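Observations on chain architecture
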Amino acid sequence: MSSIEQTLSIIKPDAVERNLTDKIKTIFTENNLKIKETKKLHITKDEASEFYKVHQSKPFYNDLCGYLSSGPIVVLILEGDNAVKINRKLMGATDPKKAEENTIRKLYGISIDKNSVHGSDSLENAKKEIDFFFKS
Ligand code: CMP
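The notes below deal with the structure included here. (Residues numbered from 1 in each chain as written. Predicted model: local features only at pLDDT ≥ 70, side-chain atom pairs only at ≥ 80, totals over all residues. Heavy atoms only, no water.)

Quick notes on the overall build of the protein chain
Using the following cut-off: Per the convention used, a helix needs a DSSP run of H or I reaching at least four residues, while a strand needs a run of E reaching at least two, with both numbered from the N terminus. The globule rule is 2.2 Å times the number of residues to the power 0.38, and the radius of gyration it is compared with is taken over C-alpha atoms. Partly exposed describes any residue whose relative accessible area lies between the buried limit of under 20% and the exposed limit of over 50%, with all areas from a 1.4 Å probe on protein chains only and scaled to the type maximum. Between two residues, a contact is recorded if the distance between any of their heavy atoms is within 4.5 Å. Areas reported as accessible are Shrake-Rupley estimates using a 1.4 Å probe. Residue values count occlusion only from the protein chains shown.
Counting its regular elements, the protein chain contains seven helices and four strands. The C-alpha radius of gyration of the protein chain comes to 14 Å, within 12% of the 14 Å expected for a compact globule of 136 residues. Along the longest, intermediate and shortest principal axes, the C-alpha atoms of the protein chain span 40 × 35 × 25 Å. Every one of the 136 residues in the protein chain was classed for burial, and the buried ones make up 44%. Intrachain contacts of the protein chain at a sequence separation of at least 6 include 75% that bridge at least 24 residues. Accessible surface computed for the protein chain: about 7,800 Å², of which carbon and sulfur atoms make up 49%.

Honestly, that's just the spatial picture; any functional story needs more than this.
See below:
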């Protein structure tokens, strides 16, 4: 069934630092995801903690928030048919070692922390995550 959705993608500090932004954007656009909005920013650790608060009970939470705020990131609103699912398929598994061939994390991820991209895991979270970065 056709369903036009929007989802949020974050190109994380490890990928921005290695100048992979344009390559990753091309993967999205070549796979029928339109980039509706994009901006580069450097968030604070408090902002990262707010963004990732669903993970606050996890042992990796502190490192995760420190990492996302460690350098510039690029945030994108992606739009297309089944955008949430398509984006997650293009990203691959959280741990680059377990990601399928030709996924973004397999191609560019360094470790489970430095895994190059984040993508919303559901339509509900996509709305919240888009608002977090783009609601004025
Ligand atoms: P992301 O999709 O941005 O969502 C939460 C992030 O936590 C995840 O990608 C990983 O980069 C990071 N992370 C670190 N350790 C783990 C872990 N053991 N399990 C899941 N995510 C982890």
